[in-house]
Amino acid sequence: MPATLWIAACAHRLQQQWHTIDPLELEDLARDLRRDERLRAMPPDEAAVDWLLPITAPGNVPFS
């Protein structure tokens, strides 16, 4: 998958979690995630979900 498409798809999935974050910031984050070899090997939506796991897993209370 071309990098630009991967980044766009990853950013879209991140935006589903964070509706209020500027989409350009989410694209920057997705670009950073793509630099990670393990995440880059995953489909973009799966990489986003994997990266979000520490804050979305049941029982986790971020920012408490």
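Residues numbered from 1 in each chain as written. Predicted model: local features only at pLDDT ≥ 70, side-chain atom pairs only at ≥ 80, totals over all residues. Heavy atoms only, no water.

### Remarks on the packing of helix 1 (residues 3-17) against helix 4 (residues 44-56)
The contact between helix 1 and helix 4 brings their axes to 8 Å, and the two run at 35°. Along this stretch, helix 1 crosses helix 4, giving a crossing that reads as right-handed. Residues Trp6, Ala9, Cys10, Arg13, Leu14 and Gln17 of helix 1 pack against Pro44, Asp45, Ala47, Ala48, Val49, Trp51, Leu52 and Thr56 of helix 4. (Axes fitted to C-alpha atoms, helices over the stretch in contact; angles between N-to-C directions. Helix = DSSP H or I, 4+ residues; strand = E, 2+ residues; numbered from the N terminus. Left-handed = near helix turned anticlockwise from the far one by under 90°. Contact = heavy atoms within 4.5 Å.)

### Focus on the pattern of salt bridges
Scanning the entire structure with this criterion turns up three salt bridges. Put simply, Asp28 and Arg31 hold a salt bridge, and the shortest N to O gap is 2.9 Å. Highlighted residues: Asp28 and Arg31, both in helix 2 (residues 23-34), separated by three residues, approximately one helical turn. Of the residues examined, Asp28 reaches a relative accessible area of 42% and is grouped as partly exposed. Overall, the relative accessible area of 33% leaves Arg31 in the partly exposed class. Here Arg38 ties to Asp50 by a salt bridge, and the two come within 2.8 Å at their closest N and O atoms. Pair noted here: Arg38 is in helix 3 (residues 37-40) and Asp50 is in helix 4, with a separation of 12 residues, a long-range link. With a relative accessible area of 26%, Asp50 lands in the partly exposed category. (Salt bridge = Lys/Arg side-chain N within 4 Å of Asp/Glu carboxyl O. Buried < 20%, exposed > 50% of the residue type's maximum accessible area, 1.4 Å probe, protein only.)

### Brief notes about the environment of Arg34
Looking at the element boundaries, Arg34 is found in helix 2. Each C-alpha atom, one on Arg34 and one on Trp6, is 8.0 Å from the other, the two residues being 28 residues apart in sequence. Every residue in contact with Arg34, bar those within four places of it in the chain, is listed here: Met1, Ala3, Trp6, Ile7 and Arg40.

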